[in-house]
Amino acid sequence: LTATLMQVKKINAKKPARSIGFVKTHKTGSSTLANIFHRLAVKTNSSVALPGCSDPVCLGWPDSFPGEEQEALWHSQRFDMILNHAVFNAAKFAAYLKPKPYFVTVIRDPEARLQSALRYFQEFSSNDDFVAWLDEGNLTGHPHWYRYVNAIAYDLGYYEAGGTADADSESVKTWIMCLDEVFNYKRDKGLVMPLEWFDQGLILLRRALGLDENDLPYIIMKEGATISGYSREAWKEPTDTQSEKLRAKASGVDSQLYKHFNATFWDAWHAAGSDAELAQLTSTSAALQDACESQDGLSCPIECSMDSVAFTSLLRLKQG
């Protein structure tokens, strides 16, 4: 970390055009985008709202942002970036960010995200086990239910705003439209990026925040990882019957959320995207991924593979 700090101290590139409120959702590819933002923060000497010592990656999550420890540490400070896990609250985020913040988050196909969470956290032995828990009917009875039941909506503040898993479609739509006001790309307020179109999302972010094209290449973080470090090769995908139940009971809100923002994302891409820039980014990211996998230290700087815990330690040294 010290060597990395000495290297980046020599860099003082232009900051993004706006302060950034990144809502780091779980099992959506958000660690990859967090790495891009963290590298940008170090490169541009941007101030980052850092977690306290009790948790190196969360800002109050799974409880309300920013959490008592951070509230005591930060006082009335305003930062260039919020990048760690937090339950989103637009007003609270804005209170700790410099004026005119730009809000960003990543979403993912809810069924794929749920299977990723089940494999990663390893709290259920199989889809059969998880479905059996769903059938018990107490969807908030598990100590970590928010990892599995409409987890994207949870991170985006749905439950904190009073939402429930069994809410009717119109109630969910009302909440989604409020969220749309905050993350509206056409109105230059923010961006919701579907993981499935990650590179396109980065091109749109570059447009919105005035980023350099060299800031965008990335390697995929935590792909196939588990919380224990041990893989679950025997994990079986859900049957068609199980998938229907998972969508109905565990992902109803997330499915409605994903459908809406996937559509608005493509509206934004058709208006402002660039296939030429997309091809260039895809190529440079693939080259970076290859360099890192072959441990080419010259072409793969150490910060390209650092996670949020490592960046938090680095930024504590840098920010003092």
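Details of the structure are given in the entry above.
As the structure is a prediction and not an experimental result, all values here were calculated from the model.

1. Overview of the overall build of the protein
And then number 1: The helix and strand inventory of the protein stands at 13 helices and 4 strands.
And then number 2: The buried share of the protein, reckoned over its 320 residues, is 52%.
And then number 3: Nonlocal contacts in the protein, meaning residues at least 24 apart in sequence, comprise 76% of its contacts between residues at least 6 apart.
And then number 4: Accessible surface, the protein: about 14,800 Å² in total, of which carbon and sulfur atoms supply 52%.
And then number 5: Of the side-chain charges in the protein, 32 are positive and 40 negative, and the distance between the mean point of each set is 7 Å.

2. Side note on the nonpolar core
And then number 1: In terms of nonpolar packing, the biggest core is built from 52 residues, with Phe130, Trp175 and Phe183 touching the most fellow members.
And then number 2: Residues contacting phenylalanine 183, with those up to four places away along its chain left out, are Val23, Phe88, Phe103, Val104, Thr105, Leu156, Gly190, Leu191 and Val192.

3. Re the pairing of strand β1 (residues 20–23)
And then number 1: Side chains of β1 alternate between two faces, with Ile20 and Phe22 and Gly21 and Val23 buried alike.
And then number 2: In terms of strand pairing, β1 meets strand β2 (residues 81–82) through 2 bridges, oriented parallel. Across the sheet, residue glycine 21 finds its bridge partner in β2, namely isoleucine 82.
And then number 3: As defined by bridge partners, β1 adjoins strand β3 (residues 102–107) across 4 bridges and the pair is classed as parallel. Paired with phenylalanine 22 across the bridge in β3 is valine 104.

4. Some thoughts on unusual backbone geometry
And then number 1: Proline 62 follows tryptophan 61 through a cis peptide bond whose omega is 10°.
And then number 2: Looking at the secondary structure, you find proline 62 in the loop between α2 (30–44) and α3 (68–74).
And then number 3: Put simply, phenylalanine 65 and proline 66 share a cis peptide bond, and its omega is 5°.
And then number 4: Note on placement: proline 66 falls in the loop between α2 and α3.
And then number 5: Even without being glycine, glutamine 295 reaches a positive phi, approximately 60°.
And then number 6: With respect to the helices, strands and loops of the structure, glutamine 295 is situated in the loop between α12 (275–293) and α13 (308–319).

5. Some remarks on helix α10 (residues 240–250)
And then number 1: Buried within α10 are the following residues: Gln242, Ser243, Leu246 and Ala250. Projected down its long axis, α10 carries its buried residues within an arc of 100°, all on one side. With respect to the buried face of α10, the exposed residues turned more than 90 degrees away are Asp240, Thr241, Glu244 and Ala248.

6. Observations concerning the state of the cysteines
And then number 1: Applying the stated criterion across every chain yields a total of 1 disulfide.
And then number 2: Between the sulfur of cysteine 292 and that of cysteine 300 lies a disulfide, 1.9 Å long from S to S. Between cysteine 292 and cysteine 300 the sulfur-sulfur dihedral comes to about 95°; the bridge is accordingly right-handed. Here cysteine 292 and cysteine 300 have matching classes, each one buried.

Reading the values: the criteria
Residues numbered from 1 in each chain as written. Predicted model: local features only at pLDDT ≥ 70, side-chain atom pairs only at ≥ 80, totals over all residues. Heavy atoms only, no water. Helix = DSSP H or I, 4+ residues; strand = E, 2+ residues; numbered from the N terminus. Buried < 20%, exposed > 50% of the residue type's maximum accessible area, 1.4 Å probe, protein only. Contact = heavy atoms within 4.5 Å. Areas by Shrake-Rupley, 256 points an atom, 1.4 Å probe, with all protein chains shown as cover. Lys, Arg positive; Asp, Glu negative; His and termini not counted. Charge placed at Lys NZ, Arg CZ, Asp CG, Glu CD. Core = buried A, V, L, I, M, F, W, Y, C linked by side-chain atoms within 4.5 Å. Pairing = 2+ DSSP bridges. Arc of directions from axis to C-beta. Disulfide = S-S within 2.5 Å.

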